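# An overview of the molecular structure
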Amino acid sequence: MSNNFKQTVFSGVQPTGNLHLGNYLGAIKNFVELQKKMKCIYCVVDLHAITVFQDSKELKKNMLETTATFIACGLDFKKSIIFNQSSVSEHSELAWIFNCISRIGWMNRMTQFKEKAGKNKENASVGLYVYPNLMAADILLYKATHVPVGDDQKQHLELVRDIAQKFNNDYKSDNFFPIPEPLIQKKLSRVMSLRDGKNKMSKSDESEYSRINLQDTEDEIYKKIKKAKTDSEPIPSRIEDLKNRPEALNLINIYSFITNKTLENTLDSMAGKDFSKLKKELSDALVATICPIGKKIKELKKDEKYLIDILKKGSNKAKEIAKININKVKDIVGFISH
Ligand code: AQP
């Protein structure tokens, strides 16, 4: 169904703190590749961020930092649209319409809400509960056909597809919204915590040692990898033998991805060795990849005006598309626009 649409990429990142290796390898690296071949729209999703309380000064700082990170990782604001979500009010308008399309049963199946709300579900914000409907609005407002995300967002993307389909069916406007395709890295779809290989690397993990931040110094990277949890077994020669060793698998996966090797190649060269050799090589590779990005982020952060200007220009471009599409949606729904 999406074949009739102009190929458009949309994705967002929350300005909720230091971006980390998981955000980079799982999502942003792919954003950079895609801008070489498709029209891309990348958004700093501040409306999503406030589903969990954010200090207003911190939020502003994080907005600029995320924008700086986009640029430092290689996004080109002349080629792609880079903007902040709250400055294009059509996101919220479409999200409301989708709140009325989406079903409570669908929301109740979302595992990320259950994880983030934890035991105290009654006290979670309503925004956190309907977060996936806003995500659907972000993507469909631009009739995006492709969405690069980490594996953790797969379920939300399926919901976006259901919402698009239901809107098209309910309003008998077949083919109005595309049914967007998730673009999930096959080789490394989920970077796991360095402290617990069963949980994803995440900004909100209390332990700094669970993640490599893109602004970490050389020393911090060496220290964190040295302390990364492994087990007492040596590196095996077969992938199957990593099945019940999540921390070992995570380090080997990151190493293979970042050095452009297959998992088999890594195991061939490392089998029988203990983790200290892999950790040393992994740290070297991470320092070579991450430190130049971190340095660039720190430089860019000094020029707030430049970063705000990028967001402003991007928002104006995004608004042009958003206005046209929201007016069509309003017409389909039966609203009278003035
Ligand atoms: N560990 C990860 N591995 C692969 N991809 C990941 N992403 C996040 N963590 C990993 C992908 O990064 C993009 C931006 O994520 P986000 O900031 O919008 O939200 P998130 O998924 O909630 O990220 P965090 O770091 O885990 O934040 P908190 O701690 O606040 O929940 C998305 O495409 C995501 O898939």
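Here the structure is a predicted model, which is why all the values come from computation and not from measurement.

In the neighbourhood of the ligand, 21 residues make up the surrounding shell, with His-20, Asp-152, Ser-202, Lys-203 and Ser-204 lying closest. A distance of 2.7 Å separates an oxygen atom of the ligand from a polar atom in the side chain of His-20. Interatomic distance of 2.9 Å between a backbone N/O atom of Gly-150 and an oxygen atom of the ligand. Out of a free accessible area of 650 Å², the ligand has 96% covered by protein chains. Applying the majority rule of atoms within 2 Å of the grid points places the ligand in the largest pocket. For the shell around the ligand, the secondary structure elements donating two or more residues are β1 (8–13) and α1 (21–34). The element that contributes the greatest number of residues to the shell around the ligand is α1, accounting for four residues. Among the residues making up the shell around the ligand, the classes are represented as five nonpolar, eleven polar and five charged.

The next point concerns the packing of helix α10 (residues 246–258) against helix α12 (residues 275–301). Relative orientation of the contacting elements α10 and α12 amounts to 45 degrees, with a least axis distance of 10 Å. With respect to α12, the axis of α10 lies oblique. Where α10 crosses over α12, the two elements pack in a sense that is left-handed. Along its contact with α10, which presents Ala-248, Leu-251, Ile-252, Ile-254, Tyr-255 and Ile-258, the element α12 presents Phe-275, Leu-278, Lys-279, Glu-281, Leu-282, Ala-285, Leu-286 and Thr-289. Tallied by class, residues from the contact of α10 with α12 come to eleven nonpolar, one polar and two charged.

Criteria and cut-off values
- One numbering rule holds for all chains: residues counted from 1, following each sequence as written.
- Local features are withheld for residues below a pLDDT of 70 in this predicted model, meaning they are given only at 70 or higher, and side-chain atom pairs are given and counted only at 80 or more; totals for whole chains, interfaces and linings count all residues.
- Computation of side-chain values: all heavy atoms of the structure, hydrogens and water removed.
- Only a single heavy atom is needed: when it lies within 4 Å of a molecule or strand, its residue is near that molecule or strand.
- Polar contacts here mean pairs of N or O atoms no more than 3.5 Å apart (in protein, one a potential hydrogen donor and the other a potential acceptor; neighbouring residues in sequence count only if both atoms are side-chain atoms).
- Values of accessible area rely on a 1.4 Å probe in the Shrake-Rupley scheme; residue burial ignores everything except the protein chains shown.
- Here a cavity denotes grid points, spaced 1 Å and computed from the protein atoms alone, that fit a 1.4 Å probe unable to get out, and a pocket denotes an open set having protein on both sides within 12 Å along at least 5 of 7 lines; residues with an atom within 4 Å of a point are the lining.
- Assignment to a cavity or pocket requires that more than half of a molecule's atoms be within 2 Å of the site's grid points.
- Starting at the N terminus, helices and strands are each numbered in turn, a helix being any DSSP run of H or I of at least four residues and a strand any DSSP run of E of at least two.
- Each residue receives one of three labels: charged for Asp, Glu, Lys and Arg, nonpolar for Ala, Val, Leu, Ile, Met, Phe, Trp, Tyr, Cys and Pro, and polar for the others, Gly being one of them.
- Inter-axis angles, ranging from 0 to 180 degrees, are taken between N-to-C directions of lines fitted to C-alpha atoms, where helices are fitted over the stretch in contact.
- Angular relationships are summarised with four words: roughly parallel below 35 degrees, roughly antiparallel beyond 145, roughly perpendicular across 65 to 115, and oblique for the angles in between.
- Crossing handedness follows the turn of the near helix against the far one: under a right angle anticlockwise gives a left-handed crossing, and clockwise gives a right-handed one.
- We call two residues in contact whenever any of their non-hydrogen atoms come within 4.5 Å of each other.

Remember that the coordinates give geometry; whether it matters functionally is a separate question.
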